[in-house]
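Reading the structure
One letter stands for each residue in the lines below.
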Amino acid sequence: MTTSDNHIFQKSNPLITMLPKVRGRYTEYVDMSPFTWFRVGGLAEVVFRPADAEDLSIFLENNNERVPVTVIGATSNLLIRDGGIPGVVIKLGKPFSDIVLLEETLRIGSAVLNSQAAKVALNAKRGGLEFLSGIPGTIGGGLRMNAGSYGTEFKDVLIEAEVIDPGGRLHVIAADELGMGYRCCEIDEGWIFLSALFKAPFSESIDIKFKMETIQRQREKSQPIKEKTGGSTFANPTGYKAWKLIDAAGCRGKHFGAAKVSEKHCNFLINTGDAKANDLETLGELVRKQVLDTSGIQLKWEIRRIGTVKKDISSWSGERK
Ligand SMILES: Cc1cc2nc3c(=O)[nH]c(=O)nc-3n(C[C@H](O)[C@H](O)[C@H](O)COP(=O)(O)OP(=O)(O)OC[C@H]3O[C@@H](n4cnc5c(N)ncnc54)[C@H](O)[C@@H]3O)c2cc1C
């Protein structure tokens, strides 16, 4: 998009002027592709970075679900489509990045990267959170996905989470009330995690470090972690491994344009160059079809696909009075 196009959009699209007054920052027409793990995706109509939890609450209360809202973390589990994301994309930043060391527990803000949380836990000699070092992304995204690696998931170490509902009301919800299962959490999509309290008993640094190093070594060996990817593309169907089904269907190395099924781990799609989101999604659908044809099993996307395929400016600017 050229600067002059951008100017025309800004004139014709009054969304930012219709949004609630906040202390945080609104930015219009943000190109998402440089920030996503896949390095693809269109524009976000408006990105909102709240100043703090109160600011976010005021925004949600006054927005009153009028403008669609999408929250993102580090985008390591997202395929943002080429047409972009209409409405407001909420990105939690520094004000949601506190880590508080408590007796045998850690309270961690949603914007904290898992790897950072794991490092702080190591330095404070707190065990149980080593698995975080193996999962890219933020605490907020990890809670939503009930992310897990090497035998531990968020739900195993979570005590409670602080969440804000679409009306701007704060809730503290115990772990067993969040309905966390395999790569999912039953809490409504519109609710936003702000922070969480985790079990973190004292442990010997040497043991924590050993576990983290083992995880790192295993990841390097088995995952294309240096590629532009979104992690596991499909969830494992009950009783099966998605990668085995994909391999058996002959899809290892399959490509569509610059989108490719990783040779190293065939449940990972990679962008080998200038792939579009549409190339990656099309390839994913081709893999699903081939797996269905060969095994009778319908794979389900674990990666979340958000946004529109084609940009429809009229729907972006329309009828939000
Ligand atoms: C190389 C690689 C390896 C990976 N390995 C693993 C692995 O071993 N195990 C695993 O489980 N996953 C893995 N993943 C996937 C991904 O890292 C996890 O799903 C991670 O938890 C996503 O966090 P994120 O912050 O990037 O969330 P995003 O990708 O930005 O968002 C994911 C979902 O979370 C929601 N979300 C984000 N923040 C919030 C919030 N504050 N409140 C409410 N909802 C929110 C979004 O709306 C979206 O629906 C891997 C990904 C990559 C690229």
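Look up: the structure comes first, before these words.
All of the points below concern the structure found in this document. (Residues numbered from 1 in each chain as written. Predicted model: local features only at pLDDT ≥ 70, side-chain atom pairs only at ≥ 80, totals over all residues. Heavy atoms only, no water.)

Topic: the overall build of the protein
Check the secondary structure of the protein and you find ten helices and 19 strands. Taken over the C-alpha atoms alone, the protein extends approximately 55 × 50 × 30 Å along its principal axes. The proportion of buried residues among the 321 residues of the protein is 49%. Put simply, of all contacts in the protein between residues at least 6 apart along the chain, 65% involve residues at least 24 apart. Surface accessibility of the protein: about 15400 Å² in total, with carbon and sulfur atoms responsible for 52%. With 42 positive and 39 negative side-chain charges, the protein shows a separation of 5 Å between the mean positions of the two kinds. (Helix = DSSP H or I, 4+ residues; strand = E, 2+ residues; numbered from the N terminus. Buried < 20%, exposed > 50% of the residue type's maximum accessible area, 1.4 Å probe, protein only. Contact = heavy atoms within 4.5 Å. Areas by Shrake-Rupley, 256 points an atom, 1.4 Å probe, with all protein chains shown as cover. Lys, Arg positive; Asp, Glu negative; His and termini not counted. Charge placed at Lys NZ, Arg CZ, Asp CG, Glu CD.)

Digging into helix 4 (residues 114–123)
Considered for burial, the residues of helix 4 that qualify are Asn114, Ala117, Ala118, Ala121 and Leu122. Projected onto a plane normal to the axis of helix 4, the buried residues spread over an arc of 140° and lie on a single side. Here the buried face of helix 4 lies against strand 6 (99–102), strand 7 (105–109), helix 5 (139–145), helix 6 (154–157) and helix 7 (205–222). Positive phi appears at lysine 125, one or two residues downstream of helix 4, with a value of about 60°. (Arc of directions from axis to C-beta.)

Side note on helix 3 (residues 53–63)
If you check which residues of helix 3 are buried, you get Asp55, Leu56, Ser57, Phe59, Leu60 and Asn63. Looking at the packing, one finds that the buried side of helix 3 touches strand 1 (25–31), strand 2 (43–49), strand 3 (69–72), strand 5 (85–91), strand 10 (158–164) and strand 14 (192–199). Structurally, the start of helix 3 carries an N-cap: the backbone nitrogen of glutamate 54 is 3.2 Å from a side-chain oxygen of aspartate 52. (Polar contact = N/O pair within 3.5 Å; in protein donor to acceptor, adjacent residues only side chain to side chain.)

Quick notes on empty space enclosed by the protein
Evaluation of the coordinates by the stated rule reveals one cavity of 30 Å³ or more. Within this model, the largest cavity holds a volume of roughly 30 Å³. In terms of lining, the largest cavity is formed by Arg81, Asp82, Ala277, Asn278, Glu281 and Val309. When grouped by side-chain class, the residues that make up the lining of the largest cavity number two nonpolar, one polar and three charged. When residues of the lining of the largest cavity are assigned to domains, at least three fall in each of domain 1 (3–94 + 308–317) and domain 3 (226–303). (1 Å grid on protein atoms, 1.4 Å probe; cavity = no way out; pocket = protein on both sides within 12 Å on 5 of 7 lines; lining within 4 Å. Points joined across faces, edges and corners; volume = space filled by probe spheres on them. Nonpolar A, V, L, I, M, F, W, Y, C, P; charged D, E, K, R; others polar. Domains from an automatic or database assignment.)

As for the sheet that holds strand 3
Read from one edge of the open sheet, four strands run 1-2-5-3, paired in mixed fashion. Looking at the sheet topology across the chains shown, the edges are occupied by strand 1 and strand 3. Averaged over all neighbouring strand pairs, the angle between strand axes comes to 35°, with direction disregarded. (Pairing = 2+ DSSP bridges. Axes fitted to C-alpha atoms, helices over the stretch in contact; angles between N-to-C directions.)

Notes on the packing of aromatic side chains
Two numbers describe a pair of aromatic rings. These are the distance of the centres and the angle of the planes. Taken as a whole and assessed by the stated rule, the structure comprises six aromatic pairs. Aromatic pair phenylalanine 131 and phenylalanine 154: ring centres 5.8 Å apart, planes at 85°, arrangement edge-to-face. Placement of phenylalanine 131 in the loop between helix 4 and helix 5 and of phenylalanine 154 in helix 6 is noted, with a sequence separation of 23 residues between them. The same class applies to phenylalanine 131 as to phenylalanine 154, namely buried. (Phe/Tyr/Trp six-rings, centres within 6.5 Å; stacked < 30°, edge-to-face > 60°.)

Some details on the site of the ligand
Within the structure, the ligand sits among 35 residues, and Val71, Gly73, Ser76, Thr138 and Gly148 are positioned closest to it. One nitrogen or oxygen atom from the main chain of asparagine 77 is found 2.8 Å from an oxygen atom belonging to the ligand. One nitrogen or oxygen atom from the side chain of arginine 304 is found 3.0 Å from an oxygen atom belonging to the ligand. When the free accessible area of the ligand is taken as 980 Å², the share hidden by the protein chains comes to 96%. Counting residues per element, the shell around the ligand draws most heavily on helix 5, at five residues. (Near = heavy atom within 4 Å.)

Focus on the layout of surface pockets
In this structure, the second largest pocket encloses a volume near 210 Å³. Forming the walls of the second largest pocket are 14 residues, and the residues nearest its centre are Tyr182, Arg183, Ala235, Lys300 and Trp301. Residues belonging to the lining of the second largest pocket are distributed by class as follows: seven nonpolar, three polar and four charged. Here the lining of the second largest pocket gathers at least three residues from each of two domains, domain 2 (95–207) and domain 3 (226–303).

A look at the pattern of salt bridges
Tallied over the full model, the rule gives 18 salt bridges. Between arginine 183 and glutamate 153 there is a salt bridge whose closest N-O contact spans 3.4 Å. A residue pair is termed long-range when its members are at least 10 positions apart, and arginine 183 in the loop between strand 12 (180–181) and strand 13 (184–185) and glutamate 153 in strand 9 (residues 152–153) qualify at 30 residues. For glutamate 153, a relative accessible area of 16% puts it in the buried group. A salt bridge links arginine 305 to glutamate 285, with the shortest nitrogen-to-oxygen separation between them at 3.5 Å. (Salt bridge = Lys/Arg side-chain N within 4 Å of Asp/Glu carboxyl O.)

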